[in-house]
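Read off the chains here:
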Amino acid sequence: MKHMLGLAVALVCVALLAGCHPKKAAPVPPAKETTAPSEQATREQPAQKPPEKPITPIQPAEGEEAVLKDIHFDYDKYNLTDEAARLMGLNGEYLMKNPEVNILIEGHCDERGTDEYNLALGEKRALTARDFLVRFGIDKSRVSIISYGEERPLDPGHDEQAWAKNRRDHFVIK
């Protein structure tokens, strides 16, 4: 009888401990340049409306060329298109000729997807551009990044044309 009571107490303890085990967060897969984040996550609606007054980056004056060229991304992607790689080459050449220049790469997304998802996607886009410049020969210490996700749309519209403009990396000389 004494053994049965001990066995019953042990089983109750095991059952209680198993029920109290904390849940582990799902592991986050490592970022790869050639794969895109889940499409399903980008189809979720944003938690809040886009800002009423978008913050627009400073644009060059009419007839004036931007020193560093912005690059754009395909929907739900953070790998460079051929055109983006060409523009990144021009940006790299400028930075090689001007070693005193430090830059900030701002990663941006369109309004589709959650705030958290878009912040992560914007960061991946900025990291892709920074990694390109580092491989080009630019010292990593000269390049910092930030993600604004969907917070600073270039075009406040709610259609594919506006979204395409907003999926970008913007380069700021510091």
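Source: prediction; values computed, not measured.

Student: Explain the overall build of the chain residue by residue, including any values.
Tutor: Looking only at helices and strands, the chain features five helices and four strands. Each helix and strand of the chain, placed in order from N terminus to C terminus, yields the pattern α-α-β-α-β-α-β-α-β. Evaluated residue by residue, the chain yields a buried proportion of 34% over its 174 residues. Taking the intrachain contacts of the chain between residues at least 6 apart in sequence as the baseline, contacts between residues at least 24 apart amount to 80%. As presented, the chain carries roughly 11,400 Å² of accessible surface, and 59% of it is formed by carbon and sulfur atoms.

Student: Provide a residue-level description of the nonpolar core, including the pertinent values.
Tutor: Ranked by size, the top nonpolar core spans 17 residues in total, and within it I71, M88, I103, I105, L133 and F171 carry the most contacts. Going through the elements one at a time, α3 (82-97), β2 (103-108) and α4 (115-136) are the ones with two or more residues in this core. Residue contacts for L133: discarding those within four places in its chain leaves M88, N91, G92, L95, I103, I105, I138 and V143.

Student: How would you summarise the packing of aromatic side chains if you had to cite specific residues and measurements?
Tutor: Applying the stated criterion across every chain yields a total of one aromatic pair. When the ring of F132 is compared with that of F136, the centres are 6.2 Å apart and the planes differ by 20°; the resulting orientation is stacked. Of this pair, F132 and F136 both sit in helix α4, four residues apart, which is roughly one turn of the helix. Under the relative-accessibility criterion, F132 is labelled buried at 16%. Judged by relative accessible area, which is 31%, F136 ranks as partly exposed. Sitting over the ring of Y148, R152 keeps its end group 3.9 Å from the ring centre.

Student: Give me the lowdown on α3, citing residues and values where you can.
Tutor: End to end, α3 covers 23 Å across 16 residues, agreeing with the expected 22 Å (1.5 Å per residue, within 8%). All of the buried residues in α3 are A84, L87, M88, G89, N91, G92 and L95. Buried positions along α3 lie against β1 (71-72), β2, α4 and β4 (168-173).

Student: Describe the packing of α3 against α4, with residues and values.
Tutor: At a closest axis distance of 10 Å, the pairing of α3 and α4 adopts a crossing angle of 55°. Comparing the axis directions of α3 and α4 gives the class oblique. The handedness of the crossing between α3 and α4 comes out as right-handed. Mapping the contact onto sequence places A85, M88, G89, N91, G92, E93, L95 and M96 in α3 and A129, F132, L133 and F136 in α4. Residues of the contact of α3 with α4, tallied by class, amount to eight nonpolar, three polar and one charged.

Rules behind the numbers
Residues numbered from 1 in each chain as written. Predicted model: local features only at pLDDT ≥ 70, side-chain atom pairs only at ≥ 80, totals over all residues. Heavy atoms only, no water. Helix = DSSP H or I, 4+ residues; strand = E, 2+ residues; numbered from the N terminus. Buried < 20%, exposed > 50% of the residue type's maximum accessible area, 1.4 Å probe, protein only. Contact = heavy atoms within 4.5 Å. Areas by Shrake-Rupley, 256 points an atom, 1.4 Å probe, with all protein chains shown as cover. Core = buried A, V, L, I, M, F, W, Y, C linked by side-chain atoms within 4.5 Å. Phe/Tyr/Trp six-rings, centres within 6.5 Å; stacked < 30°, edge-to-face > 60°. Lys NZ or Arg CZ within 6 Å of the ring centre and 35° of its normal. Expected span 1.5 Å × (residues − 1). Axes fitted to C-alpha atoms, helices over the stretch in contact; angles between N-to-C directions. Parallel < 35°, antiparallel > 145°, perpendicular 65-115°, else oblique. Left-handed = near helix turned anticlockwise from the far one by under 90°. Nonpolar A, V, L, I, M, F, W, Y, C, P; charged D, E, K, R; others polar.

Coordinates in, geometry out; function isn't part of it.
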